[in-house]
Amino acid sequence: MKTADGHEFATRCIHAGIAPDPVTGAIMTPIFQTSTFAQESPAQHKGFEYSRTGNPTRKVLEESLASLEHAQFGYAFSSGCAATTLIMLSLNPGDHVIAFNDLYGGTRRLFEKVFHKFGITFSFVDLTDSSQLSRALTKSTKMIWLESPSNPLLKLVDIEAIAKAASAFNIQLVVDNTFATPALQNPLLLGAHLVVHSTTKYIGGHSDVVGGAVLTNDTDWAEKIAYLSNAIGGVPSPMDCFLVLRGIKTLHLRMEKHCENALFIAKRLSDHKAISRVIYPGLTNHPQFDLGQRQMKASSGIVSFVVTGGLEKAKRVCAKTKLFACAESLGGVESLIEHPASMTHASIRPEDRLKIGIDDALIRISVGIEDGGDLWRDLEQAIESP
Ligand SMILES: *Cc1c(COP(=O)(O)O)cnc(C)c1O
């Protein structure tokens, strides 16, 4: 298998893990839509036995994702939540997890509503302040789980600092790198043990597939993940693997445009009198602007803002945009707008939402790769319409 290790990111997006099909010369990875593989004689096979265990299309995707994150081992899953589930299933009853208090709503739900009842305990902590980490530590702490930038408040966590602390206490650090993507940030290079992705978002990039991934350089983890993945079976279909692979080929170009448009929109929003607050790590007024400049190559494509006029006004803005579709999810080529309090973060209790700073009038946009001027005009008319 030709790998593209040693090449720049753009080259790895196109070539990592990918080689022309040895049988036909097909330049694109075939969709091996098969559940099983003929064996020459019992246990004599060509590396594939059954598609839950392994499938050639998935293998190419896994090698590509691993290369993008500077990982030795990559595993693809049927969704980001399936990837998260798999990692949590490596824990035992009684284990304690320190999780960032600004997490993807579905991840928090999985922790609090599903894994909690199997005896795993969680502390949700503001990891932007690393002193909070040591205060939350217990003898049973086995794992730290964070996102940076976080969702929807775009807080940043100093991954390298948390990784150092995690190593000192012999705790595993998991970073959900969905918002930054490997184009902008590589947590494994900063000391994380595992990286998780929802490939549904920027990596797939076209809002046409749901998927997830786990990447690592740790051979013990690799063995554990391969075993659990085969045991549990939350694997993606060959067609879905193909779609994610096709998305990856333009990841570097898309991220450039997402970042450029998002910075432009964030600046325009900042100048608008009906907007009381704009949150974007690429704005110099972001409280962690310096960390962002150090840790990320650019600030990604998500912008959050608070519109004056409260909850009802925020909902009206979301309903009035024409280019920005009102929808959950993010990271596709098309722009989306959503209202966390009533959509993505509705499953968090209102008092908890307020505690972590999710205002009722907060709006989150996923800035696509359309023309930035068109996007701004669309947002402006929605903000200014009665
Ligand atoms: C969407 C998302 C997930 C969950 O991924 P799915 O593919 O929807 O299961 C996890 N983390 C983050 C940051 C996400 O945005």
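Just so you know, these numbers come straight off a predicted model, no measurement behind them.

Engineer: Is there a simple way to explain the nonpolar core in this structure?
Structural biologist: In a soluble, globular protein the nonpolar side chains are often hidden away together inside. Leu269, Val303, Ile363, Ile365 and Leu379 are the most contacted members of the largest nonpolar core, which totals 67 residues. With seven residues, the top contributor of residues to this core is helix H10 (residues 251-270). A domain split of this core shows at least three residues from each of domain 1 (9-248) and domain 2 (252-384). Sequence-distant contacts of Ile363, that is, excluding residues within four places in its chain, are made with Val303, Ser304, Phe305, Val307, Ala314, Val317, Cys318, Ile337, Glu338 and Pro340.

Engineer: Teacher, can you tell me more about the domain arrangement of the protein here?
Structural biologist: As a measure of interface size, the accessible area lost when the parts come together is often cited. By domain assignment, the protein separates into domain 1 (9-248) and domain 2 (252-384). Between domain 1 and domain 2, the C-alpha centre-to-centre distance is 26 Å. At the interface, 41 residues of domain 1 touch 40 residues of domain 2. Among the residues of domain 1 in contact with domain 2, Leu156, Leu184 and Tyr202 are the three that bury the most area, contributing 25% of the side total. At the junction of domain 1 and domain 2, the tally comes to one salt bridge. Across the salt bridge formed by Asp158 and Arg294, the nearest N and O atoms sit 3.2 Å from each other. Where domain 1 meets domain 2, there are 16 residue pairs in polar contact (both at pLDDT 80 or more). When residues in the side of domain 1 that touches domain 2 are grouped by element, the largest group, four residues, is from helix H1 (residues 9-15). Of the residues in the side of domain 1 that touches domain 2, the class split is 20 nonpolar, 14 polar and seven charged.

Engineer: Whenever I open this one, helix H4 (residues 105-115) confuses me. Can you help?
Structural biologist: One turn of the α-helix equals 3.6 residues, which is why residues spaced by three or four share an orientation. Here H4 has its buried residues at Gly105, Gly106, Thr107, Arg108, Leu110, Phe111 and Phe115. Buried residues along H4 sit in contact with helix H3 (80-88), strand E2 (96-100), strand E3 (121-125), strand E4 (141-147) and helix H13 (350-356).

Engineer: I tried to follow the site of the ligand on my own but got confused; where do I start?
Structural biologist: Contacts to the ligand come from 14 residues, most closely from Cys81, Asp176, Ser198, Thr200 and Lys201. Within the side chain of Thr200, one N or O atom sits 2.7 Å away from an oxygen atom of the ligand. Computed on the free molecule, the ligand has an accessible area of 380 Å², of which 92% lies beneath the protein chains in the complex. Its residues placed into classes, the shell around the ligand shows four nonpolar, seven polar and three charged.

Engineer: Before we go on, may I ask you to explain the sheet that holds strand E10 (residues 325-326) in this structure?
Structural biologist: Paired through backbone hydrogen bonds, the strands of a sheet run either parallel or antiparallel to each other. Pairing is mixed in the open sheet, where five strands are placed in the order E8-E9-E12-E11-E10. Edge positions in the sheet fall to strand E8 (275-279) and E10, since each has one partner strand and no second. Bridging between strand E11 (residues 336-338) and strand E12 (residues 362-366) involves three bridges; their strand directions are antiparallel. Paired with Leu336 across the strands is Ser366, a residue of E12.

Engineer: Can you walk me through the pairing of strand E9 (residues 302-307) in this structure?
Structural biologist: A regular strand places its side chains so that they alternate between the two faces of the sheet. Burial within E9 is extensive, with six of its six residues counted as buried. Burial of E9 is two-sided: the residues Ile302, Ser304 and Val306 facing one way and the residues Val303, Phe305 and Val307 facing the other way are all buried. Here five bridges tie E9 to E12, and the two strands are oriented antiparallel to one another. Across the sheet, residue Val306 finds its bridge partner in E12, namely Leu362.

Engineer: Would you explain the packing of aromatic side chains in this entry?
Structural biologist: For any pair of aromatic rings, the description consists of the separation of the ring centres together with the inter-plane angle of the planes. Per the counting criterion, the structure on display carries four aromatic pairs. An angle of 10 degrees between the planes, with centres 4.7 Å apart, marks the rings of Phe111 and Phe122 as stacked. With Phe111 in helix H4 and Phe122 in strand E3, this residue pair connects regions lying eleven residues apart in the sequence. For the pair formed by Phe111 and Phe122, the shared burial category is buried. Arranged with centres 6.3 Å apart and planes meeting at 20 degrees, the rings of Phe122 and Phe124 form a pair that is stacked. Judged by relative accessible area, Phe122 falls into the buried class, the value being 14%. A relative accessible area of 22% means that Phe124 is categorised as partly exposed. Taken together, the aromatic side chains of Phe111, Phe122, Phe124 and Trp145 make up a single cluster linked through ring pairs. The ring of Phe124 is capped by Arg108, whose NZ or CZ atom sits 4.0 Å from the centre of that ring.

Engineer: Can you help me understand the pairing of E12 in this one?
Structural biologist: Counted residue by residue, E12 has five buried out of five residues, so it is predominantly covered. Neither face of E12 is left uncovered, since the one carrying Leu362, Arg364 and Ser366 and the one carrying Ile363 and Ile365 both have all their residues buried.

Engineer: Is there a simple way to explain the pattern of salt bridges in this structure?
Structural biologist: If charged atoms from side chains of opposite charge come close, those side chains can pair. Under the defined criterion, the tally for this structure stands at eleven salt bridges. The shortest N-O distance in the salt bridge between Glu40 and Lys46 comes to 3.3 Å. By the burial criterion, Glu40 is exposed, and Lys46 matches it. Taken together, the salt bridges that share partners define one network made up of Arg349, Asp352 and Lys355.

Engineer: Hey, could you run me through the sheet that holds E4 in this one?
Structural biologist: Reading across the sheet, the seven strands line up as E1-E7-E6-E5-E4-E2-E3 and stay open at both edges, with mixed pairing between neighbours. Among the strands making up the open sheet, the edge pair consists of strand E1 (73-77) and E3. Between one strand axis and the next, the sheet turns by 20 degrees as a mean value, whatever way the strands run. Pairing analysis gives five bridges linking E2 to E3, with the strands arranged parallel. In the sheet register, Ile98 faces E3, and the bridge partner there is Ser123. The strands touched by H3 within the sheet are E1, E2, E3, E4, strand E5 (172-176), strand E6 (194-198) and strand E7 (212-216), with E6 carrying the most contacts at an inclination of about 150 degrees. Contacts from helix H6 (residues 159-168) reach E4 and E5 within the one sheet, and its direction differs from that of E5 by about 155 degrees.

Definitions and limits used
- Residues numbered from 1 in each chain as written.
- Predicted model: local features only at pLDDT ≥ 70, side-chain atom pairs only at ≥ 80, totals over all residues.
- Heavy atoms only, no water.
- Core = buried A, V, L, I, M, F, W, Y, C linked by side-chain atoms within 4.5 Å.
- Buried < 20%, exposed > 50% of the residue type's maximum accessible area, 1.4 Å probe, protein only.
- Helix = DSSP H or I, 4+ residues; strand = E, 2+ residues; numbered from the N terminus.
- Domains from an automatic or database assignment.
- Contact = heavy atoms within 4.5 Å.
- Buried area = accessible area lost by both parts, 1.4 Å probe.
- Salt bridge = Lys/Arg side-chain N within 4 Å of Asp/Glu carboxyl O.
- Polar contact = N/O pair within 3.5 Å; in protein donor to acceptor, adjacent residues only side chain to side chain.
- Nonpolar A, V, L, I, M, F, W, Y, C, P; charged D, E, K, R; others polar.
- Near = heavy atom within 4 Å.
- Areas by Shrake-Rupley, 256 points an atom, 1.4 Å probe, with all protein chains shown as cover.
- Pairing = 2+ DSSP bridges.
- Phe/Tyr/Trp six-rings, centres within 6.5 Å; stacked < 30°, edge-to-face > 60°.
- Lys NZ or Arg CZ within 6 Å of the ring centre and 35° of its normal.
- Axes fitted to C-alpha atoms, helices over the stretch in contact; angles between N-to-C directions.

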